[in-house]
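# Secondary and tertiary structure notes
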Amino acid sequence: MKRRQLLQWGSAAGAWILGGTVVTFDPALATSSDAEGSVPLLDLQDLSKPLPDHWVTPTEAFYIQTFRQTPRLDRDQWRLHIDGLVENPQILNWDTIQAQPAQSLYWTLECIGNPAGGELIGNALWTGTRLQPLLVNAQISPRVEGFMLYGADDYVTSVPRDDLLDPDVWLVYDMNGSPLTPEHGYPLRILIPGKYGQKQPKWITRIEAVVQRQKGHWEKLGWSDEATILTQALPRQIQGPEHIQRVSLKASRPELAPGIIVLAGVALASRKPIQQIEVSADGGQSWHIAEQNQPASPYEWTLWRYAWELNEPGAYQLLARAQTSPDDIQPLQDSSWSWGGRQAALDIKLTIKR
Ligand SMILES: Nc1nc2c(c(=O)[nH]1)N[C@H]1C(S)=C(S)[C@@H](COP(=O)(O)O)O[C@H]1N2
Ligand SMILES: [Mo]
């Protein structure tokens, strides 16, 4: 049966079956939200306190990006198939996943469609198990060059062989200490290092080993098939002597009283630690190195802040840029369209009031 047919039947009936997993859709559940305004401010402004090791986005404020509708899965009926060009196809159930060694890890997810200053990014503490031993059990054929990854909502994407065999690929079932919510992939989702969210199916039901992989849903629509996270500094909030405010696409023209100004944000890159974040208050003529934390893994965002004394009333152009090495500095002018959180650094038009 064609996938589309299956889905249409399912929509009419309110349920459908995919590889043994019963899927029902709950139209009341949000399918896309950027959580703008609901994400709390980071507690980074008090300069007498060191930067924290982690800052986690509360689950209820975490962005949601779902191409259709949120499927409602029954954990006991759910299955994960590992098949295609494998010697030993696997059908895993909830108990097999639970029997694997569990680990918790901080990990930042970002949508490739996140504009600089956008909220399609979040950091959470996930709990799950490594995929690699399960792939070893399946005995992937040496001819395999890639994998198709499927979600219960008929979502599909694909990755090259080595990206999935990486020991840092995780299957996760808990988010911030509770089972995944339906919107975020209950009962199981995959985390693949260094890639934007589109490569990481929620409600994962099938991993198919193939010689020639096909493009997935977003990739067919023209989004990057590599989907490697770009090195980026994302300013999030600014504080003057009197008040603190969010820096976002909708509010990138703060007006503050003269005095100490603290700019704070996050930074992220693909698989490499952020080595340095620099900020400028004069449109890029002079740069200052921001204070930053050192996350234990490069898959979690780096927190940073910088304080200036700006007493002269007038207009300032604030910029921030990140680097992982001198060869990989976030450009000031990016000729590509600003996606994946990065552009030629988010430029903030700050006015110091009289
Ligand atoms: N099954 C499935 N997985 C999916 C998607 C989807 O629509 N269906 N969207 C992807 C995209 S584009 C992103 S950015 C992340 C978002 O994860 P979140 O909604 O938990 O924030 O999930 C990815 N995994
Ligand atoms: Mo995305």
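Quick summary incoming for the structure in this document. (Residues numbered from 1 in each chain as written. Chains lettered and ligands numbered in written order. Predicted model: local features only at pLDDT ≥ 70, side-chain atom pairs only at ≥ 80, totals over all residues. Heavy atoms only, no water.)

## Some points on the site of ligand 1
Keep this limit in mind: If a single non-hydrogen atom of a residue is within 4 Å of a molecule or strand, that residue counts as near it. Contacts described as polar in this section are N or O atom pairs within 3.5 Å, which, within protein, must combine one atom able to donate a hydrogen with one able to accept it, while residues neighboring in sequence count only if both atoms come from side chains. Per-residue and other accessible areas were derived by the Shrake-Rupley procedure at a 1.4 Å probe size, with only the shown protein chains allowed to occlude residues. Any residue that is not Ala, Val, Leu, Ile, Met, Phe, Trp, Tyr, Cys, Pro, Asp, Glu, Lys or Arg is counted as polar, Gly included; the first ten are nonpolar and the last four charged.
The full set close to ligand 1 counts 20 residues, and Phe-67, Asp-153, His-184, Arg-189 and Lys-202 are the nearest of them. Within the backbone of Tyr-63, one N or O atom sits 2.7 Å away from an oxygen atom of ligand 1. With respect to ligand 1, the backbone of Gln-65 contributes an N or O atom lying 2.9 Å from an oxygen atom. Protein chains shield 99% of the accessible area of ligand 1, which is 530 Å² for the free molecule. Across the shell around ligand 1, the residue classes tally to 10 nonpolar, seven polar and three charged.

## What about the environment of Asn-93?
Here is the rule: Each helix corresponds to a stretch of at least 4 residues labelled H or I by DSSP, and each strand to a stretch of at least 2 residues labelled E; elements are numbered beginning at the N terminus. Remark: exposure states derive from per-residue accessible area (1.4 Å probe, protein chains only) relative to the maximum for the residue type, with buried under 20%, exposed over 50%, and partly exposed in between. Contacts are assigned to residue pairs that have any heavy atoms within 4.5 Å of one another.
Mapped onto the elements of the fold, Asn-93 is located in the loop between strand E7 (90-92) and helix H2 (94-99). With relative accessibility at 27%, the residue Asn-93 sits in the partly exposed group. Other than its neighbours up to four places away in sequence, Asn-93 contacts Trp-78 and Arg-79. From its side chain, Asn-93 meets the backbone nitrogen of Asp-95 in a polar contact 3.1 Å long.

## Let's talk about the packing of aromatic side chains
Condition: Aromatic pairing here means that ring centres of Phe, Tyr or Trp (its six-membered ring) are within 6.5 Å. Orientation follows from the plane angle: under 30 degrees is stacked, over 60 is edge-to-face, and everything else is tilted.
Counting across every chain of the model gives seven aromatic pairs. Seen in terms of ring centroids, Trp-94 and Tyr-173 are 5.8 Å apart; in terms of plane orientation they differ by 75°. Their pairing is edge-to-face. With Trp-94 in helix H2 and Tyr-173 in strand E12 (residues 170-175), this pair connects stretches of sequence that are 79 residues apart. Consider the rings of Tyr-306 and Trp-308, whose centres lie 4.9 Å apart with planes at 75°: the pair is edge-to-face. The same class applies to Tyr-306 and to Trp-308, which are both buried. Each residue in the set Phe-62, Tyr-63 and Trp-126 is aromatic and connected to the rest through ring pairs, giving one cluster.

## As for the sheet that holds strand E16 (residues 232-239)
Neighbouring strands of a sheet are bound in pairs by backbone hydrogen bonds; such pairs are parallel or else antiparallel. As a reminder, the rule being used: At least two bridges found by DSSP between two strands is the condition for calling them paired.
Spatially, the five strands line up as an open sheet ordered E17-E16-E19-E23-E22, and their pairing is antiparallel. A strand with exactly one partner marks an edge of an open sheet, and here the two such strands are strand E17 (244-246) and strand E22 (291-292). Here seven bridges tie E16 to strand E19 (residues 259-268), and the two strands are oriented antiparallel to one another. Considered in E19, the bridge of Ala-233 is made with Ala-267.

## Considerations on the sheet that holds strand E10 (residues 146-151)
Cut-off, in case you're wondering: Inter-axis angles, ranging from 0 to 180 degrees, are taken between N-to-C directions of lines fitted to C-alpha atoms, where helices are fitted over the stretch in contact.
The strand order E7-E6-E15-E10-E11 describes an open sheet built from five strands, whose pairing is mixed. The sheet is open, and its two edges are formed by E7 and strand E11 (156-160), each paired on a single side. Strand-to-strand, the axes of this sheet are offset by a mean angle of 15°, without reference to chain direction. As defined by bridge partners, E10 adjoins E11 across five bridges and the pair is classed as antiparallel. Each residue of the ladder has a partner; that of Gly-146, found in E11, is Pro-160.

## Thoughts on the pattern of salt bridges
Using the following cut-off: When a carboxyl oxygen of Asp or Glu lies within 4 Å of a side-chain nitrogen of Lys or Arg, that pair is called a salt bridge.
Taken as a whole, this structure holds 13 salt bridges when the rule is applied. The partner of Arg-130 in a salt bridge is Asp-168, with the nearest N and O atoms 3.3 Å apart. Residue Arg-130 is found in strand E9 (residues 121-130), and its partner Asp-168 is found in the loop between helix H4 (161-165) and E12; the two are separated by 38 residues along the sequence. The class for Asp-168 is partly exposed, based on a relative accessible area of 23%. The closest approach of N and O atoms between Glu-219 and Lys-199, which form a salt bridge, is 2.9 Å. Separated by 20 residues along the polypeptide, Glu-219 in helix H5 (residues 217-220) and Lys-199 in the loop between strand E14 (189-191) and strand E15 (204-210) bring together distant segments of the chain. Among the residues examined, Glu-219 registers a relative accessible area of 2% and is labelled buried.

## Notes on the environment of Asn-293
Structurally, Asn-293 is set in the loop between E22 and strand E23 (302-310). Remark: the alpha-carbon pair of Asn-293 and Pro-52, spanning 241 residues in sequence, is separated by 7.2 Å. Once residues lying within four places of it in the same chain are set aside, the contact partners of Asn-293 are Leu-51, Pro-52, Asp-53, His-54, Thr-302 and Leu-303. In this structure the side chain of Asn-293 is engaged in a polar contact, spanning 3.0 Å, whose partner is the backbone oxygen of Pro-52. A distance of 3.1 Å separates a polar atom in the side chain of Asn-293 from the backbone oxygen of Asp-53.

## Comments concerning the side chain of Thr-57
Looking at the secondary structure, you find Thr-57 in the loop between strand E3 (32-33) and strand E4 (64-65). Since its relative accessible area comes to 1%, Thr-57 is described here as buried. The contacts of Thr-57, once residues within four sequence positions are left out, are Val-39, Phe-62, Gly-122, Asn-123, Asn-176 and Trp-301.

## Remarks on the environment of Ser-48
Relative to the helices and strands, Ser-48 resides in the loop between E3 and E4. In this structure the side chain of Ser-48 is engaged in a polar contact, spanning 2.6 Å, whose partner is the side chain of Asp-46.

## Notes on the pairing of strand E20 (residues 276-280)
Counting buried positions over the five residues of E20 gives four, a clear majority of the element. Sheet analysis places E20 next to strand E24 (residues 314-325), joined by five bridges and oriented antiparallel. Across the sheet, Gln-276 pairs through a bridge with Gln-323, a residue of E24. Here E20 pairs with strand E21 (residues 288-289) via two bridges, running antiparallel. Counted as the bridge partner of Glu-278 is Ile-289 from E21.

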